[in-house]
Amino acid sequence: MKYPKHVEGTDSCGGCEARLKECHQYMRDWFEWVKKAHSTVHVSWGFRDEQSQNDAFASGASTLRWPLSKHNRMNGNTPESAAIDIFEIINGVAKFDPILCAKIAEESADNGWGLRWGGTMKSLGDNNHFELPSTSPLMKLE
């Protein structure tokens, strides 16, 4: 998968837009909501194809092989990731700030988004990961 690069200091950028196209609409809406409050935040991962997921597993960045991650969710033949990983760009540098991610998780919970935050996952402690819980009615495929 090849995506456009991210652009610092914009409301939206090609890198985020390309990744968001492969995400569940609810996750896209959530990210747009986050971006309004945290303009430096970008999407590092939405959908992961088989090679990308297995590479993440091999490197220890995921505990799941293809197709078991929420990043691998498909709706028929269409990618529809139920997970988004985020990062910040500050002064041209990518940062994965666990404090910011915890703040976004708290704000998301306070505003009723109902997402599962990776910072609470004991198996990996994936602070920049947000996903629809398996129990969400939104996880049902059409």
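Residues numbered from 1 in each chain as written. Predicted model: local features only at pLDDT ≥ 70, side-chain atom pairs only at ≥ 80, totals over all residues. Heavy atoms only, no water.

Trainee: Honestly, the overall build of the protein in this entry has me stumped. Any pointers?
Mentor: The secondary structure content of the protein amounts to four helices and seven strands. Start at the N end of the protein and walk to the C end: the helices and strands fall as α-α-β-α-β-β-β-β-α-β-β. Since a compact globule built from 142 residues should have a radius of gyration of about 14 Å, the 14 Å found for the protein is in line with a globular shape. The buried share of the protein, taken over its 142 residues, is 44%. Pairs at least 24 residues apart make up 60% of the contacts formed inside the protein by residues separated by at least 6 positions. Split by element, the accessible area of the protein, about 7900 Å² in all, is 52% carbon and sulfur. Charge-centre separation for the protein: the mean point of 16 positive side chains lies 3 Å from the mean point of 19 negative side chains. (Helix = DSSP H or I, 4+ residues; strand = E, 2+ residues; numbered from the N terminus. Rg over C-alpha atoms; globule rule 2.2 N^0.38 Å. Buried < 20%, exposed > 50% of the residue type's maximum accessible area, 1.4 Å probe, protein only. Contact = heavy atoms within 4.5 Å. Areas by Shrake-Rupley, 256 points an atom, 1.4 Å probe, with all protein chains shown as cover. Lys, Arg positive; Asp, Glu negative; His and termini not counted. Charge placed at Lys NZ, Arg CZ, Asp CG, Glu CD.)

Trainee: Would you explain the side chain of Glu88 in this entry?
Mentor: Note on placement: Glu88 falls in strand E4 (residues 83–90). Buried charge Glu88 goes without a salt bridge, the closest partner of opposite sign being Lys95 at 7.2 Å. Among the polar contacts made by the side chain of Glu88, one reaches the side chain of Thr40 at a distance of 2.8 Å. Ignoring sequence-local partners within four residues, the contact set of Glu88 consists of Thr40, Val41, Val93, Ala94, Lys95, Asp97 and Leu100. (Salt bridge = Lys/Arg side-chain N within 4 Å of Asp/Glu carboxyl O. Polar contact = N/O pair within 3.5 Å; in protein donor to acceptor, adjacent residues only side chain to side chain.)

Trainee: Help me out: how do you make sense of the layout of surface pockets in this one?
Mentor: Once rolled over the atoms, a probe with the size of a water molecule shows which space is left empty. Approximately 280 Å³ is the volume found for the largest pocket. Residue lining of the largest pocket: 18 residues in total, with Thr63, Leu64, Met121, His129 and Glu131 positioned closest to the centre. Tallied by class, the residues present in the lining of the largest pocket amount to six nonpolar, six polar and six charged. (1 Å grid on protein atoms, 1.4 Å probe; cavity = no way out; pocket = protein on both sides within 12 Å on 5 of 7 lines; lining within 4 Å. Points joined across faces, edges and corners; volume = space filled by probe spheres on them. Nonpolar A, V, L, I, M, F, W, Y, C, P; charged D, E, K, R; others polar.)

Trainee: Which parts of the structure should I look at to understand the pattern of salt bridges?
Mentor: If you walk through the whole model with that rule in mind, you get four salt bridges. With its nearest N and O atoms 3.3 Å apart, the salt bridge here joins Asp85 to Arg48. You can see Asp85 sitting in strand E4 and its partner Arg48 sitting in the loop between strand E1 (41–45) and helix H3 (50–59), a full 37 residues away along the chain. Residue Asp85 is classed as buried on the basis of its relative accessible area, which comes to 3%. Arg73 is the salt-bridge partner of Glu80, the closest N and O atoms lying 2.2 Å from each other. An identical accessibility class is assigned to Glu80 and Arg73; each is buried. One salt-bridge network, held together by shared partners, links Lys70, Arg116 and Glu131.

Trainee: Explanation requested: the side chain of Lys70 in the structure shown.
Mentor: Examined against the element boundaries, Lys70 turns out to sit in the loop between H3 and strand E2 (74–75). For Lys70, a relative accessible area of 14% corresponds to the buried category. Look past the residues within four positions of Lys70 in its chain and what remains in contact with it is Ser81, Ala82, Ala83, Glu131, Leu132, Pro133, Ser134 and Met139.

Trainee: Looking at this structure, I do not really get unusual backbone geometry. What am I missing?
Mentor: When glycine is set aside, most residues are seen to have a negative phi, and most peptide bonds are trans. The peptide bond linking Trp66 to Pro67 adopts the cis configuration, its omega dihedral lying at 0°. Mapped onto the secondary structure, Pro67 falls in the loop between H3 and E2. Backbone geometry at Asn91 places phi at a positive 50°, although glycine is not the residue there. Residue class for Asn91 comes out exposed when judged on its relative accessible area of 71%.

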